[in-house]
Amino acid sequence: MTRISEWRKLPISLNDLCLATTLRCGQSFRWRQCEDKSWACTLRGRIVQLSQDSAQVKYRSIWPSSLDAPPTPPSSAPSTISDQQDEKTLIQDGHDDTGDLLRHYLNLEPDLSSLYAQWSAADANFKKKAPKFTGVRILRQDAWEALIGFICSSNNNIIRISQMVDKLCTHYGRYIATLEGRAYHDFPEPMALTGDKVEGHLRELGFGYRAKYISRTARMVAQEREAGWLDGLRNPESPIYGGKAAYAGEMKPEGRDGYRMAVEKLLDLQGVGPKVADCVALMGLGWGESVPVDTHVWQIAQRDYKFGKGKHSSLTKATYDAVANHFRKLWGKEAGWAHSVLFTADLKTFAERLTTKIETEDNGVVKKEDGEENSKDIKTVTVQRAAIKREAETEDKHDLKSIVQVEEVSVRNKRTRRR
């Protein structure tokens, strides 16, 4: 039978981690919201389910049963021996490492409150936006998953990327378990995406030109690079799960040497340009100084940081580097974390948090007519809501505009005095 752990707790405040923001802001594309508003995703051979209140994150793990699991779809590659051994090791004698795994995956070591204070002291714009977007952490994701997820992000939006990633898992990933009637699969290994029919199948599933990039990159990683090549590009200060941290080198205006090397190596892969490489470096390899510059960030740079004029009037490679270097100078070694807060604030999904509510009151008394025994106090409340409306989060729209719309609503509240 499927083994389900009891609920456990990680003490952490919403200011230090907000799941509802972090899991929806375009970092990871596999988290599903359950009927009870909890979140679920497969991590290292199990389903992890999370819920949160103001003081803690609650979690439980759901482990597969090799006897009850339905067969993985025919197109999937079988689990590797190491996968099977890891799973047995993790669950033998009732041991469950999910707590340690979550501390690693949710990247709970950095003091986020101190980082927010540092960025706010250095940047008035960040200080203005940050209070409505606290608790945004950069996850420590699997590098391979991040690479394929961000290849799917080309000219795309978060909803469609999530749908594509879900199809990859369903058709090529190992089945784990079913929760609330939905089957959960692990993210497919590189070898699972190297078959001759993979590209054509992905095109049938709606991946378009990305199908070729995914298939070719899978072959490059699985067959043309040495084992562990991708994780070898990681920031030593942010090692893989179970690894030991090591010094990553001196910070420079353009980032540490290891970061620059990782980006250059990633650019050799199919479907990886500067933005995708920086996304993978930040969210899959742990290089905190990586600042991906897409159309959202370019708009932020123009609107709030005076880019878009002179030699930086368009988003060329030189301008891309200038924007990233500016943010590294402003925010420091974890500039990519601060960038992600402003990126999140610019997403349509979270636009309601930028709503401003202003109330003015006009109290008056209605005079009684002759013979009338009731008097009514009338309270008029005028509410102004300023909401920023944006276009859909697609990267192929280069002329997105922010429109501030002010809506006035008058509400008449009546209080009646009886005789």
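As a reminder, the structure under discussion sits directly above these lines.
Just so it is clear, the structure is predicted and the values come from calculations on it, not from any experiment.

Student: Would you take a moment to explain the environment of Gly-149 for this structure?
Tutor: The residue Gly-149 is located in helix 6 (residues 143-151) in this model. Separated by 15 residues in sequence, Gly-149 and Met-164 place their C-alpha atoms 8.5 Å apart. Beyond its immediate stretch of four places on either side in the chain, Gly-149 contacts Phe-29, Ile-161 and Val-165.

Student: Would you explain the nonpolar core in this entry?
Tutor: Generally speaking, nonpolar side chains in soluble globular proteins are found buried as a group. Ranked by size, the top nonpolar core spans 79 residues in total, and within it Phe-126, Trp-144, Leu-147, Leu-202, Phe-207, Leu-266 and Trp-331 carry the most contacts. Once residues lying within four places of it in the same chain are set aside, the contact partners of Leu-202 are Leu-168, Tyr-172, Phe-207, Ala-211 and Ile-214. In this structure, Leu-17, Leu-23, Cys-41 and Leu-101 belong to the second largest nonpolar core, which totals 18 residues.

Student: Quick question: what am I supposed to make of helix 11 (residues 274-283) here?
Tutor: Since the α-helix turns once every 3.6 residues, residues separated by three or four places project in the same direction. Counted residue by residue, helix 11 has nine buried out of ten residues, so it is predominantly covered. Every buried residue of helix 11 is accounted for by Lys-275, Val-276, Ala-277, Asp-278, Cys-279, Val-280, Ala-281, Leu-282 and Met-283.

Student: Would you mind going over the packing of aromatic side chains with me for this structure?
Tutor: Ring pairs (aromatic) are described by centroid distance and by the angle formed between their planes. If you walk through the whole model with that rule in mind, you get ten aromatic pairs. Note on Tyr-116 and Trp-119: the rings are 5.7 Å apart at their centroids and 45° apart in plane angle, and the pair reads as tilted. One end of the pair, Tyr-116, and the other, Trp-119, are both in helix 4 (residues 112-122), three residues apart, so they sit about a helical turn from each other. For the pair Tyr-116 and Trp-119, a shared accessibility class is recorded, and that class is buried. A centroid spacing of 5.1 Å and a plane angle of 85° characterise the contact between Tyr-305 and Phe-327, whose relative ring orientation is edge-to-face.

Student: Sorry if this is basic, but what is going on with the side chain of Glu-145 here?
Tutor: By the element assignment, Glu-145 lies in helix 6. Of the residues examined, Glu-145 reaches a relative accessible area of 11% and is grouped as buried. Engagement of the side chain of Glu-145 in a polar contact is seen with the side chain of Arg-30, the distance being 2.8 Å. Once residues lying within four places of it in the same chain are set aside, the contact partners of Glu-145 are Ser-28, Arg-30 and Phe-187.

What counts, and at which threshold
Every chain's residues receive numbers from 1 upward, in the order its sequence appears when written. Local features in this predicted model are restricted to residues whose pLDDT is 70 or higher, and side-chain atom pairs enter the listing and the counts only when it is 80 or higher, whereas totals over whole chains, interfaces and linings include all residues. The side-chain values count all of the structure's non-hydrogen atoms but skip hydrogen atoms and water molecules. Only DSSP runs of H or I covering at least 4 residues are called helices, and only runs of E covering at least 2 are called strands; the numbering of each starts at the N terminus. Only heavy atoms enter the contact rule, under which two residues are in contact if any of them lie within 4.5 Å. Take the buried residues of types Ala, Val, Leu, Ile, Met, Phe, Trp, Tyr and Cys, join any two whose side-chain atoms come within 4.5 Å, and each joined set is a nonpolar core. Each residue's exposure class comes from its accessible area (1.4 Å probe, protein chains only) as a fraction of the maximum for that residue type: buried when under 20%, exposed when over 50%, partly exposed otherwise. Here a Phe, Tyr or Trp ring, Trp counted by its six-membered ring, pairs with any other such ring whose centre lies within 6.5 Å, and the pair is stacked when the planes are under 30 degrees apart, edge-to-face when over 60, and tilted otherwise. We define a polar contact as two N or O atoms separated by no more than 3.5 Å, with the added condition that, inside protein, one atom must be a possible hydrogen donor and the other a possible acceptor, whereas residues neighbouring each other in sequence contribute only through side-chain atom pairs.

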